[in-house]
Amino acid sequence: MNNKFDVVVIGAGPAGYVAAIRAAQHGLSTACIDAWVSQDGQVSFGGTCLNAGCIPSKALLESSELYHRAKVDFGKHGISVGELSLDLATMQARKSGIVKQLCRGIGALFKANGISGLGGRGRLLPDNKVEYTPHGGEPELIEAEHVILATGSEPVELPSVPFDGKIVVDSSGALAFDMVPERLGVIGAGVIGLELGSVWQRLGAEVTILEAMDQFLFMADDQIAKEAQRQFKRQGLDIRLGARVQALEMTKSGARLAYEDTQGGHDISVDRVVVAVGRRPCTDGLLDPLAGVDVDARGFIDVDSVCRTTAANVWAVGDVVRGPMLAHKGSEEGVMVADLIAGEVAEMNYDIIPSIVYTSPEIAWVGKTEAELKTAGTAYKTGTFNFSASGRAQAMDQGAGLVKVISSSETDQILGVHIVGPMAGELIGEAVVALEFQASTEDLQRTIHGHPTLTEALHEAALSVDKRAIHAINH
Ligand code: FAD
Ligand code: NAD
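The rules behind these values
Residues numbered from 1 in each chain as written. Chains lettered and ligands numbered in written order. Predicted model: local features only at pLDDT ≥ 70, side-chain atom pairs only at ≥ 80, totals over all residues. Heavy atoms only, no water. Domains from an automatic or database assignment. Contact = heavy atoms within 4.5 Å. Buried area = accessible area lost by both parts, 1.4 Å probe. Salt bridge = Lys/Arg side-chain N within 4 Å of Asp/Glu carboxyl O. Helix = DSSP H or I, 4+ residues; strand = E, 2+ residues; numbered from the N terminus. Expected span 1.5 Å × (residues − 1). Buried < 20%, exposed > 50% of the residue type's maximum accessible area, 1.4 Å probe, protein only. Near = heavy atom within 4 Å. Polar contact = N/O pair within 3.5 Å; in protein donor to acceptor, adjacent residues only side chain to side chain. Areas by Shrake-Rupley, 256 points an atom, 1.4 Å probe, with all protein chains shown as cover. Nonpolar A, V, L, I, M, F, W, Y, C, P; charged D, E, K, R; others polar. Axes fitted to C-alpha atoms, helices over the stretch in contact; angles between N-to-C directions. Left-handed = near helix turned anticlockwise from the far one by under 90°. Pairing = 2+ DSSP bridges. Disulfide = S-S within 2.5 Å. Right-handed = clockwise from strand over helix to strand, strands pointing away. Phe/Tyr/Trp six-rings, centres within 6.5 Å; stacked < 30°, edge-to-face > 60°.

A look at the domain arrangement of the chain
Interfaces are often described in size by the accessible area the parts lose on coming together.
Part 1 of the argument: In terms of domain boundaries, the chain breaks down into domain 1 (4-154 + 280-348), domain 2 (168-274) and domain 3 (352-465).
Part 2 of the argument: A C-alpha centroid distance of 29 Å is found between domain 2 and domain 3.
Part 3 of the argument: Listed as interface residues are 16 residues of domain 2 and, on the opposing side, 19 residues of domain 3.
Part 4 of the argument: In total, about 1,400 Å² of surface goes out of reach between domain 2 and domain 3, with carbon and sulfur atoms giving 68% of it.
Part 5 of the argument: Connecting domain 2 to domain 3 are one salt bridge.

Written as structure tokens, this is what we have:
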């Protein structure tokens, strides 16, 4: 093996593999080391995102949504399917097939770009040397002009509710259940709790989500969060806010969770527990103390605005550094860092990172919320449009939810777009481009949107900012 590279990336998740591909595109000799091993014992590039995160969760969300719609909605369309049955093993096999295909795709991209994809663990030593230990092999020394750390994150464990991998599981366990639990307890009503809670609820589980905070989806715009909460309640997701879990007791059939809220102490009995209370950066065994890379109090690698660490020519990207733990945020950091290493000018706009929750309805937003603008003392105006007035949404039988546009009262610039409704995750793309190009509300108002499309809801919400909506009464 060549033991000298221009760039060595540790971690082949969406931050690391993207950085490696971009570096190779610049003509830099590049290696990417990753420790992930699939269930069948194969090196599997793609990190959490492809192996145990974004992709398998979306595969199960899609399957469970189809099952749910066949059960609940098909009748409205005049479609009768007789008795519906669920073959969970096939559903899980489909998910695993997608994961395998995409992970292999990363390996193929490495080959096509001349990147050395190395299965095993990486450790940063002083002077940009990397100790690489192949699976089942002896450590080797690799020299690098630049090192990019992209080791991602792992689930936080609650001391009072430790994982046992069977009854009490993390998100990976919850993606791999081989039967639908009758009663599922989820701790944390964040993105994972809502997405995976939705999967199992659609497939027939009675799902209770215990959330420590009093506010539902505190990071989203209040109006959007309230509408989403209303929809989830209608679907039968039992979300209990202000619930502080005190203890876990294992029972014959599962577990009992004791929690406290303002009303006092309660407990729930469930068959399985998913703990989804956030993730923490993954740096165990990664950094030699003499390598000069500082880590902050919460374990994140310290970086500046362009992802430089405290050690010369050592960079860090993705979940292992500050900022939202999102695949697309890490990928964009990877591109920026590779461009900077290649001598290009590069930066990243951290104010315009879209967030998407893939529930039904989906929730998506970009830019500022009303609460953030109030706190900052920024004068703003808002417009909303309900999907109930969208012809396309009605045709899809998905008329719940709304689009909200928030703009500056002084300059008319769009400051934030917030959506709860059908395909919100796709619709938000238009808003991201509008914000990136600093569009005014009038720009969006005068942009022609195809008919009938869901994008018309965004157009109408922009019109509504100036009380010019056509298909709604302007208040
Ligand atoms: P990771 O993807 O975690 O990759 C890090 C890689 O580094 C891993 O392969 C790991 O094995 C490897 N590694 C760690 N230490 C070492 C070492 N010392 N040597 C060698 N290799 C090492 N984000 C979204 O944007 N959209 C979604 O829909 C979404 N859904 C999610 C669903 C779930 C269930 C979960 C858990 C997460 C989801 N996320 C989603 C978050 C997303 O997966 C992460 O933000 C993203 O994977 C982070 O990318 P990364 O490259 O920084 O790290
Ligand atoms: P999260 O931060 O989104 O939510 C964790 C939730 O758990 C919070 O609401 C928090 O208040 C609550 N919580 C914390 N401690 C608790 C306790 N002791 N008892 C009850 N509730 C408690 O974290 P997550 O859902 O675990 O997801 C981890 C990361 O993965 C997130 O940063 C997220 O961005 C990312 N992710 C993204 C997507 C997506 O983009 N669609 C999907 C899944 C995961």
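As for helix 3 (residues 54-72)
Part 1 of the argument: In this model helix 3 runs 26 Å from its N-terminal to its C-terminal C-alpha over 19 residues, within 8% of the 27 Å that 1.5 Å per residue would give.
Part 2 of the argument: Taken as a whole, helix 3 has its buried residues at P56, S57, A59, L60, L61, S63, S64, E65, Y67, R69 and A70.
Part 3 of the argument: Contact partners of the buried residues in helix 3: helix 2 (47-52), helix 4 (88-112) and helix 6 (191-202).

Digging into the site of ligand 1
Part 1 of the argument: The environment of ligand 1 is made up of 37 residues, and the closest members are D34, T48, K58, G122 and D319.
Part 2 of the argument: At a separation of 2.8 Å, an oxygen atom of ligand 1 approaches a polar side-chain atom of D319.
Part 3 of the argument: Note that an oxygen atom of ligand 1 is positioned 3.3 Å from one of the side-chain N or O atoms of H328.
Part 4 of the argument: In the complex, 93% of the free accessible area of ligand 1, which totals 990 Å², lies under the protein chains.
Part 5 of the argument: It is helix 2 that provides the largest number of residues to the shell around ligand 1, a total of four residues.
Part 6 of the argument: Residue composition of the shell around ligand 1, by class: 17 nonpolar, 15 polar and five charged.

Comments concerning the packing of helix 3 against helix 4
Part 1 of the argument: Here helix 3 crosses helix 4 at 145°, and the two axes come no closer than 9 Å. When you trace helix 3 past helix 4, the crossing you get is right-handed. Listed contacts from helix 4 to I55, P56, A59, L60, E62, S63 and S64 of helix 3 are M91, Q92, R94, K95, I98, V99 and L102.
Part 2 of the argument: When its residues are assigned to classes, the contact of helix 3 with helix 4 shows eight nonpolar, three polar and three charged.

Observations concerning the sheet that holds strand 7 (residues 168-169)
Within a beta sheet, neighbouring strands are joined by backbone hydrogen bonds and run either parallel or antiparallel to one another.
Part 1 of the argument: The five strands lie next to each other as 7-14-8-9-10, forming an open sheet whose pairing is parallel. Two strands bound the open sheet, and with one partner strand each, they are strand 7 and strand 10 (238-240).
Part 2 of the argument: Pairing of strand 9 (residues 206-210) with strand 10 involves three bridges; the strand directions are parallel. Paired with T208 across the strands is D238, a residue of strand 10.

Quick notes on the state of the cysteines
Part 1 of the argument: Taken as a whole, this structure holds zero disulfides when the rule is applied.
Part 2 of the argument: Free of any disulfide, C32 has its nearest neighbouring cysteine sulfur in C103, separated by 13 Å.
Part 3 of the argument: You can see C103 has no disulfide; the closest cysteine sulfur is in C49, sitting 8.8 Å from it.
Part 4 of the argument: On the accessibility criterion, C103 (5% relative accessible area) is buried.

Considerations on the pairing of strand 9
Part 1 of the argument: Counting buried positions along strand 9 yields four of five residues, so the element is predominantly enclosed.
Part 2 of the argument: Judged from the five bridges that link them, strand 8 (residues 183-187) and strand 9 form a sheet pairing that is parallel. Its bridge partner lying in strand 9, G185 is registered against T208.
Part 3 of the argument: In this fold, strand 8 hands off to helix 6, which returns the chain to strand 9; that crossover is right-handed.

A closer look at the site of ligand 2
Part 1 of the argument: Around ligand 2 lies a shell of 20 residues, among which I192, E195, E211, G278 and I356 are the nearest.
Part 2 of the argument: A212 places a polar main-chain atom, nitrogen or oxygen, 3.1 Å from a nitrogen atom of ligand 2.
Part 3 of the argument: Taking I356, its main chain carries an N or O atom lying 2.7 Å from a nitrogen atom of ligand 2.
Part 4 of the argument: Notes on ligand 2: free accessible area 840 Å², of which the protein chains cover 76%.
Part 5 of the argument: Sorting elements by how many residues they give to the shell around ligand 2 places helix 6 first, with three residues.
Part 6 of the argument: Tallied by class, the residues present in the shell around ligand 2 amount to 13 nonpolar, three polar and four charged.
Part 7 of the argument: Residues from two domains meet in the shell around ligand 2; each of domain 1 (4-154 + 280-348) and domain 2 (168-274) gives at least three.

Describing the environment of L141
Part 1 of the argument: For L141, the location among the structural elements is in strand 5 (residues 140-149).
Part 2 of the argument: Taking the relative accessible area as the measure of exposure, L141 reaches 44% and is therefore partly exposed.
Part 3 of the argument: Once you skip the residues sitting within four places of it in the chain, L141 turns out to touch N3, L125, K129, V130 and E131.

Describing the packing of aromatic side chains
Part 1 of the argument: With the rule as written, the count across this model stands at three aromatic pairs.
Part 2 of the argument: Considering the side-chain rings of F45 and F110, the 5.0 Å spacing of their centres and the 55° angle between planes classify their relative orientation as tilted. A residue pair is termed long-range when its members are at least 10 positions apart, and F45 in the loop between strand 2 (30-34) and helix 2 and F110 in helix 4 qualify at 65 residues. Of the two residues examined, F45 and F110, each falls in the buried class.
Part 3 of the argument: Taking 5.2 Å as the distance between ring centres and 55° as the angle between the ring planes, the aromatic pair formed by F177 and W200 counts as tilted. Of this pair, F177 sits in the loop between helix 5 (171-174) and strand 8 while W200 sits in helix 6, and the two are 23 residues apart along the sequence.
Part 4 of the argument: Look at F177 and you get buried, because its relative accessible area is 6%.

So, the pattern of salt bridges
Part 1 of the argument: Counting across every chain of the model gives 23 salt bridges.
Part 2 of the argument: A salt bridge links K76 to D73; its shortest N-O distance comes to 3.2 Å.
Part 3 of the argument: What makes K76 exposed here is its relative accessible area of 57%.
Part 4 of the argument: Note that E333 is salt-bridged to R322, the shortest N-O span being 3.0 Å. Of this pair, E333 sits in helix 8 (residues 327-341) while R322 is found in the loop between strand 16 (314-316) and helix 8, placing the two residues 11 residues apart along the sequence.
Part 5 of the argument: The network of salt bridges with common partners includes R69, D73, K76 and D397.

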